[in-house]
Amino acid sequence: MDQIVPMEKITSKVRVREILEQAKFCWKHQGQNALLMAIHEGLLKKKVSFPLLEFAAMEMALWIPENEQLAFTDTLVATNEMGSYVIAGIILQLRLPLHLEQSIQRACTYIVIGDQWYICDIVGERVLGHALLTFPEKTVPLLEQLTNYSDKWIVRTIGVATHYAVKKGLSPKFTETMFRLLLSLSDATDFHVKKGIGWGAKTIA
């Protein structure tokens, strides 16, 4: 009988840095495919906590040129590993100050591709939630546009983003606006949408 090999667990930033150094070396000498393979094997196929994956994303964003970051997150998300959405979400979050609309659009694309409630929540909090918290004036109109989206996960993510931003200290003015927006979606029938909208509304209440 074949023995099941337990998945390697990575628990320290030191180990993550070692993996990233190796990945960076591969990238410099063999290009982006080699980088993707190194990250896939080194981090995504291991047991790594979300905070350590977020740390890895922040480190990578320092040395992957801005004009290559989206190509990297696209190929990363194509692996469909849960950790890939955490890393992609943080890289998009870091791009928000200069590329707000583009980052939100890309996040929505990843949420639709992922087609799972947990991917909706992973990306929704890190990108749309963070955008709402840090750039509410620009983000609220974008979230209002998303209420008409045909994909249930995109509508759910409005509640997820609201939950995150309110929990982190969104100003009362924008909290009230988001509460009204969530109320306008209260007749939703899909379970996942209702749960996301309810989550955001409950956090405000």
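As a reminder, the structure under discussion sits directly above these lines.
Just so it is clear, the model here is predicted, and its values are computed rather than measured.

Before we move on, can you summarise the nonpolar core with the specific residues and values?
Core analysis: the biggest nonpolar cluster contains 70 residues, and Ile39, Leu43, Met60, Ile87 and Leu128 have the highest contact counts within it. Setting aside residues up to four positions removed in sequence, Leu43 forms contacts with Ile10, Val16, Ile19, Leu20, Ala38, Val48, Leu53 and Ala56.

How would you explain the pattern of salt bridges if you had to name every residue and give the values?
When charged atoms on two side chains of opposite charge get close, those side chains can pair. Throughout the structure, instances matching the rule amount to 8 salt bridges. Here Glu59 ties to Arg17 by a salt bridge, and the two come within 3.8 Å at their closest N and O atoms. Of the two residues, Glu59 sits in helix 3 (residues 50–63) while Arg17 sits in helix 1 (residues 13–30), which places them 42 residues apart along the sequence. For Glu59, a relative accessible area of 22% puts it in the partly exposed group.

Tell me about the environment of Asp190, residues and numbers included.
Within the secondary structure, Asp190 is located in the loop between helix 10 (172–183) and helix 11 (191–204). Expressed as a C-alpha distance, the spacing of Asp190 and Trp153, which sit 37 residues apart in the sequence, is 10.0 Å. For Asp190, the side chain forms a polar contact with the main-chain nitrogen of His192, separated by 2.9 Å. Of the polar contacts made by the side chain of Asp190, one reaches the backbone nitrogen of Val193; its length is 3.1 Å.

So what's going on with the packing of helix 4 (residues 66–77) against helix 6 (residues 100–114)? Which residues, and what values?
The N-to-C vectors of helix 4 and helix 6 enclose an angle of 15 degrees; their axes lie 11 Å apart at closest approach. By the angle between their axes, helix 4 is roughly parallel relative to helix 6. When the axes of helix 4 and helix 6 are compared, the crossing they make is right-handed. Residues Leu70, Thr73, Asp74 and Val77 of helix 4 form the contact with helix 6, whose participating residues are Gln102, Arg106 and Tyr110. Partitioned by chemical class, the residues of the contact of helix 4 with helix 6 number 3 nonpolar, 2 polar and 2 charged.

I'd like to hear about the environment of Met178, residue by residue, with values.
Mapped onto the secondary structure, Met178 falls in helix 10. Separated by 68 residues in sequence, Met178 and Tyr110 have C-alpha atoms that sit 23 Å apart. Residues in contact with Met178, not counting those within four places in the same chain, are Leu132, Val140, Leu143, Ile158, Thr162, Leu170 and Ile204.

Before we move on, can you summarise unusual backbone geometry with the specific residues and values?
Although it is not a glycine, Asn80 adopts a positive phi angle of roughly 60 degrees. A positive phi angle is found at Asp115, which is not glycine, with a value near 50 degrees. In this fold, Asp115 is placed in the loop between helix 6 and helix 7 (117–134).

Thresholds, definitions, all that
Residues numbered from 1 in each chain as written. Predicted model: local features only at pLDDT ≥ 70, side-chain atom pairs only at ≥ 80, totals over all residues. Heavy atoms only, no water. Core = buried A, V, L, I, M, F, W, Y, C linked by side-chain atoms within 4.5 Å. Buried < 20%, exposed > 50% of the residue type's maximum accessible area, 1.4 Å probe, protein only. Contact = heavy atoms within 4.5 Å. Salt bridge = Lys/Arg side-chain N within 4 Å of Asp/Glu carboxyl O. Helix = DSSP H or I, 4+ residues; strand = E, 2+ residues; numbered from the N terminus. Polar contact = N/O pair within 3.5 Å; in protein donor to acceptor, adjacent residues only side chain to side chain. Axes fitted to C-alpha atoms, helices over the stretch in contact; angles between N-to-C directions. Parallel < 35°, antiparallel > 145°, perpendicular 65-115°, else oblique. Left-handed = near helix turned anticlockwise from the far one by under 90°. Nonpolar A, V, L, I, M, F, W, Y, C, P; charged D, E, K, R; others polar.

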